[in-house]
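Close look at the chain arrangement
Listed below, chain by chain, are the residues.
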Amino acid sequence: MFDTLSDRLGVIFDGLRGRGALEEKDVVAALREVRVALLEADVALPVAKDFIAKVKERAIGSEVLRSVTPGQQVVKIVHDALADMLGGDQDASLSFQTTPPAAIMMVGLQGSGKTTSTAKIALRLTKRDKKRVLMASLDTNRPAAQEQLEILGRQAEVKTLPIIAGQTPRDIASRAMEAGRLGGFDVVMLDTAGRLSIDEQLMAEIADINRATNPIEILLVVDALTGQDAVQTAEKFKARVPVTGIVMTRIDGDARGGAALSMRAVTGAPIKFIGVGEKLDELDTFEPGRMAGRILGMGDIVSLVEKASEQIDADKAKKAAKKMAKGEFDMNDLADQFRQMRKMGGMGAILGLMPGMGKMKKMVDQAGGLDDKEIIHQEAIISSMTKAERKTPKLLNASRKKRIAKGSGTSVQEINKLVKAHRQMADMMKKMGRGGMKGMAKQLAGMGGGMPGGMMGGGMPGGAPDPALLEAAKGAKGPGADEIDFDAIEKALAGQAPMPPGMGGLPGLGKKK
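Numbering of residues starts from 1 in each chain and follows the order in which that chain's sequence is written. Given that this is a predicted model, residues contribute local features only at a pLDDT of at least 70 and side-chain atom pairs are listed and counted only at 80 or more, while totals for whole chains, interfaces and linings are drawn from all residues. Side-chain numbers come from the whole structure's heavy atoms, not from hydrogens or water.

1. Structural notes on the packing of helix 4 (residues 70-86) against helix 11 (residues 288-295)
- Fitted lines through C-alpha atoms serve as axes, helices being fitted only where they are in contact, and the angles separating the N-to-C directions of these axes extend from 0 to 180 degrees. In DSSP terms, a helix is any run of H or I states spanning at least four residues, a strand is any run of E spanning at least two, and both are numbered starting from the N terminus. Between helix 4 and helix 11, the shortest axis-to-axis distance is 8 Å and the interhelical angle comes to 130 degrees. On the basis of their axis angle, the class for helix 4 and helix 11 is oblique. Every pair of crossing elements has a handedness; the one defined by helix 4 and helix 11 is right-handed. Residues His79, Leu82, Ala83 and Leu86 of helix 4 lie in contact with helix 11, whose contacting residues are Pro288, Gly289, Met291, Ala292, Gly293 and Ile295. In these notes the angle categories are as follows: under 35 degrees is roughly parallel, over 145 is roughly antiparallel, 65 to 115 is roughly perpendicular, and the rest is oblique. Take the far helix as the reference: if the near one is turned anticlockwise from it by less than a right angle, the crossing is left-handed, and if turned clockwise, right-handed. Every residue pair with non-hydrogen atoms within 4.5 Å of one another is taken to be in contact.

Structural data, given as structure tokens:
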């Protein structure tokens, strides 16, 4: 959603970084361009003005230290101001400081994704926080709204309140709270009805339910694609009910991002969750500092570690590490890597979260892109092989390749391409196993067996992030975009030169020891 803004800011700050010294007029000119970029991204005018004023005051003052390059310091000031505009250090976690069950009321307009977001949060609380959650639909207006939540509950394996026809929303809410108390639930999620627009009947109904259940959290669900209308909706809801947080859906769409940037400053309510896809597990907590880093192309290594820890099976990762230590790597291992990569959002998503890799991702996109459909095709090829062929790819002769091509709906050329890629990876694993790249082998074994799918998998039992790894990620000073020689990397990828030093974290990109 922030791609256009990120590109514009990247061009502006590249110009600042390229100068050895900055004068006041240089900073003023750059901030004028930043202001235009914010307005083009649909940020509210008062918010953009306030943001620029804060940055200008710090950038032109004594805060631009002599100990670092002034351009880099301006970028840091913009990052901090951006994080503050998005929410700053305010705790955006859900509160459970009440006698169980804690009621969480979901409000919003029709079509904003309220029911799906209810199920997403319930699944997150169940899986991550180990809470017992009961969901109840209070929407008696929209056809099949209650049935929709019931189906989502079955998919998420979260209990839902049985449907009784003819009850009013307040009656359903009271019954849900009673069922929560008697059933020993920690949380009761109340999915209220929406309208096509804000009206008095909707507000009166929400206020009535609020009085009846006394919820610990009231979460307003807004659609990021509606732009500044989402901010105005939030203002109107907050004027009538004590909204404690915002859930912003469709953040993965092509909206310009102004709603997210303006929401906290205009309404005072923090964004607590963002919907990043349609699936029930595609919900992220909103971290202002991390989001500011992504917008400025600095990556988000902490989110990458968390995503890896959720998706990677620790036992499989340890087995893979042991095999690789012996120099073994067959098609089954390659298929596992592909599956793990897809679970983490594909190679494009992984590169987007890595510090300093934003430009490399764009470079690869311009060269043809990282098509995740290609990964699916390669998985289909491996699935069409026999167990013996997967274990020993050398068995693949011309007739076998023709059979696999027919079975997978691909061509012999694609199979040859996959076999060649596997052979290159297997050769690298053998070198590591023989100790020719001892440092890299140890690193991969500790990380759980290979980039991209198996990275960071080891030492994370039960799907929880390794605390030591998370702390290291939070304190890591990843290479900035200005510290990476992308021309050298481009030549290396084309086979015209060796990979530059400092890329040892990626298999095949490290310097041989």
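2. Here's the deal with the packing of aromatic side chains
- Centres within 6.5 Å are what make two rings of Phe, Tyr or Trp a pair, Trp counting through its six-membered ring; a difference in plane orientation under 30 degrees is then read as stacked, over 60 as edge-to-face, and the rest as tilted. One pass over the full model with this rule turns up 0 aromatic pairs.
- In this structure, Lys131 is placed above the aromatic ring of Phe96, and the distance from its NZ or CZ to the ring centre is 4.6 Å. To sit over a ring, a charge needs its Lys NZ or Arg CZ within 6 Å of the ring centre and within 35 degrees of the ring normal.

3. Structural notes on the pattern of salt bridges
- Whenever a carboxyl oxygen of Asp or Glu lies within 4 Å of a side-chain nitrogen of Lys or Arg, that contact is scored as a salt bridge. Here the structure, examined in full by the defined rule, presents 16 salt bridges.
- Asp139 is the partner of Arg142 in a salt bridge, and the nearest nitrogen-oxygen pair spans 3.6 Å.
- We classify Arg142 as partly exposed; its relative accessible area is 27%.
- Burial classes: relative accessible area under 20% of the type maximum marks a residue as buried, over 50% as exposed, and values in between as partly exposed (1.4 Å probe, protein chains only). According to the relative accessible area criterion, Asp139 is buried, its value standing at 3%.
- Here Arg211 makes a salt bridge to Asp208, at a shortest N to O gap of 3.7 Å. Here Arg211 pairs with Asp208, and both are found in helix 8 (residues 200-213), just 3 residues apart, close to one helical turn.
- Residue Asp208 is classed as partly exposed on the basis of its relative accessible area, which comes to 22%.

4. Comments concerning helix 14 (residues 331-343)
- Helix length check: helix 14 (13 residues) gives 18 Å between terminal C-alpha atoms against 18 Å at 1.5 Å per residue, within 8%.
- Within helix 14, the full set of buried residues consists of Met331, Asp333, Leu334, Ala335, Gln337, Phe338, Gln340 and Met341.
- Pairs of N or O atoms within 3.5 Å make up the polar contacts considered here, provided that, within protein, one atom can donate a hydrogen while the other can accept it, and that residues adjacent in sequence are counted only when both atoms are side-chain atoms. Two or three places before Asn332, at the opening of helix 14, Asp330 has a side-chain oxygen 3.0 Å from that residue's backbone nitrogen. Expected helix span is taken as 1.5 Å per residue step, with the number of steps being one fewer than the number of residues.

5. Digging into the environment of Ser137
- By the element assignment, Ser137 lies in strand 2 (residues 133-137).
- Separated by 13 residues in sequence, Ser137 and Glu150 have C-alpha atoms that sit 8.4 Å apart.
- The residues touching Ser137, leaving out its near neighbours within four places in the chain, are Ala145, Gln146, Leu149, Ile172 and Asp191.
- Of note is the side chain of Ser137, whose polar atom sits 3.5 Å from the backbone nitrogen of Asp139.

6. Let's talk about unusual backbone geometry
- At the junction of Pro100 and Pro101, the peptide bond is cis and its omega measures out at 0 degrees in the coordinates.
- Structurally, Pro101 is set in the loop between helix 4 and strand 1 (102-108).
- Here the phi dihedral of Lys130 falls at roughly 55 degrees; this positive angle occurs in a residue that is not glycine.
- Along the chain, Lys130 turns up in the loop between helix 5 (114-127) and strand 2.
- Notably, Ala144 is not glycine yet its phi reads approximately 65 degrees, a positive angle.
- Looking at the element boundaries, Ala144 is found in the loop between strand 2 and helix 6 (145-156).

7. Quick look at the confidence of the model for the protein
- The pLDDT value tells you how sure the predictor is about a given residue, anywhere from 0 up to 100. The pLDDT averaged across the protein works out to 75; a share of 69% of its residues lies at or above 70.
- Within the model, the stretch residues 476-484 combines pLDDT values under 50 with 12 contacts to residues more than four positions away or in other chains.

8. Here's the deal with the sheet that holds strand 7 (residues 271-275)
- By the convention used here, strands pair only if DSSP detects at least 2 bridges between them. Pairing in this open sheet of 8 strands is mixed, and the strands run 3-2-4-1-5-6-7-8 from one edge to the other. A single partner strand is all that each edge strand has here, and the edge strands are strand 3 (159-160) and strand 8 (283-285).

9. Quick look at the nonpolar core
- With 73 residues, the main nonpolar core has Phe51, Phe237 and Met248 as its most contacted residues.
- Every residue in contact with Phe237, bar those within four places of it in the chain, is listed here: Val107, Gly108, Leu109, Ile198, Leu202, Met203, Ile206, Leu220 and Val243. Side-chain atoms within 4.5 Å are what join buried Ala, Val, Leu, Ile, Met, Phe, Trp, Tyr and Cys residues into a set we call a nonpolar core.

10. Remarks on the side chain of Glu205
- Its location among the elements puts Glu205 in helix 8.
- A residue is classified by how much of its surface remains accessible, and Glu205, at 15% relative accessible area, is buried.
- If we skip the residues at most four places from it in the chain, Glu205 touches Asn141, Pro169, Ala193 and Arg195.

11. Description of helix 10 (residues 258-267)
- Of all 10 residues that make up helix 10, 7 are buried, and the element is covered over most of its length.
- Within helix 10 the residues assigned to the buried category are Gly258, Ala259, Ala260, Leu261, Ser262, Met263 and Thr267.
- Once helix 10 ends, the next one or two residues include Gly268, with phi positive near 80 degrees.

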